[in-house]
Amino acid sequence: MKELKEAVKVLMHEEYERAAERFGESFHSPHEAYAVILEEKEEAGWELMDLKYAIDLFWESVKKDDTEYRDALKGIEKHALNAACECIQVAAIAYKARK
């Protein structure tokens, strides 16, 4: 987990650099930072809700001994990755607000 966390920190810094290049290196106010963090958190939340739904679909297939569960696994993978990306953006925005 420690190595993964370090790799994610690198991704966070890369995301900060992309965002800083596009939107500037700092926020105009804590209110602006809050609004951007809130937006990214909301997007992460939607992905986590979709992830829960995909996991529930997988579990329903498992309980029914249904072998057609690959789409549910694709959904789990997709939404977990999307949620991770959104959380990296939240971290990058918080990092930007600290600078």
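Residues numbered from 1 in each chain as written. Predicted model: local features only at pLDDT ≥ 70, side-chain atom pairs only at ≥ 80, totals over all residues. Heavy atoms only, no water.

Chemist: Can you break down the overall build of the chain residue by residue, with the values?
Modeler: Along its length, the chain carries three helices and zero strands. Ordering the α and β elements of the chain from the N terminus gives α-α-α. Whereas a compact globule of 99 residues would reach a radius of gyration of roughly 13 Å, the chain reaches 17 Å, over 25% beyond that. Counting every position in the chain, which comprises 99 residues, the buried fraction comes to 24%. Within the chain, residue pairs in contact and separated by at least 24 positions form 77% of the contacts whose partners lie at least 6 positions apart. Put simply, the chain shows about 7,700 Å² of open surface, and 58% of that area lies on carbon and sulfur atoms. Charge-centre separation for the chain: the mean point of 15 positive side chains lies 4 Å from the mean point of 22 negative side chains. (Helix = DSSP H or I, 4+ residues; strand = E, 2+ residues; numbered from the N terminus. Rg over C-alpha atoms; globule rule 2.2 N^0.38 Å. Buried < 20%, exposed > 50% of the residue type's maximum accessible area, 1.4 Å probe, protein only. Contact = heavy atoms within 4.5 Å. Areas by Shrake-Rupley, 256 points an atom, 1.4 Å probe, with all protein chains shown as cover. Lys, Arg positive; Asp, Glu negative; His and termini not counted. Charge placed at Lys NZ, Arg CZ, Asp CG, Glu CD.)

Chemist: How would you summarise a negative patch on the surface if you had to cite specific residues and measurements?
Modeler: Together, Asp65, Asp66, Glu68 and Asp71 line one region of the surface with negative charge. As for its placement among the helices and strands, Glu68 is situated in the loop between helix H2 (30–63) and helix H3 (70–98). (Patch = residues over 30% accessible without salt bridge, like charges linked within 9 Å, V, L, I, M, F, W, Y side chains within 5 Å. Salt bridge = Lys/Arg side-chain N within 4 Å of Asp/Glu carboxyl O.)

Chemist: Lay out the packing of helix H1 (residues 2–23) against H3 in plain terms, naming residues and giving numbers.
Modeler: The interhelical angle for the contact between H1 and H3, taken along N-to-C directions, is 65°, at an axis separation of 8 Å. Note that H1 runs across H3; the crossing there is right-handed. Contacts between H1 and H3 involve Val8, Leu11, Met12, His13, Glu15, Tyr16 and Phe23 on the former and, on the latter, Ile88, Gln89, Ala91, Ala92, Tyr95 and Lys96. (Axes fitted to C-alpha atoms, helices over the stretch in contact; angles between N-to-C directions. Left-handed = near helix turned anticlockwise from the far one by under 90°.)

Chemist: I'd like to hear about the side chain of Glu86, residue by residue, with values.
Modeler: Assignment of secondary structure puts Glu86 in helix H3. Buried within the structure, Glu86 lacks any salt-bridge partner; Arg18 is the closest side chain of opposite charge, at an N-O distance of 12 Å. In this view, Glu86 contacts Glu40, Glu43, Ala44 and Glu47; residues no more than four positions away in its chain are not counted.

Chemist: Go over the packing of H2 against H3 with me, naming the residues and quoting the values.
Modeler: Relative to each other, H2 and H3 sit at 165°, their axes nearing to 8 Å. Classified by the angle their axes make, H2 and H3 are roughly antiparallel. Crossing hand, H2 versus H3: left-handed. A per-class count over the contact of H2 with H3 returns 20 nonpolar, four polar and six charged. (Parallel < 35°, antiparallel > 145°, perpendicular 65-115°, else oblique. Nonpolar A, V, L, I, M, F, W, Y, C, P; charged D, E, K, R; others polar.)

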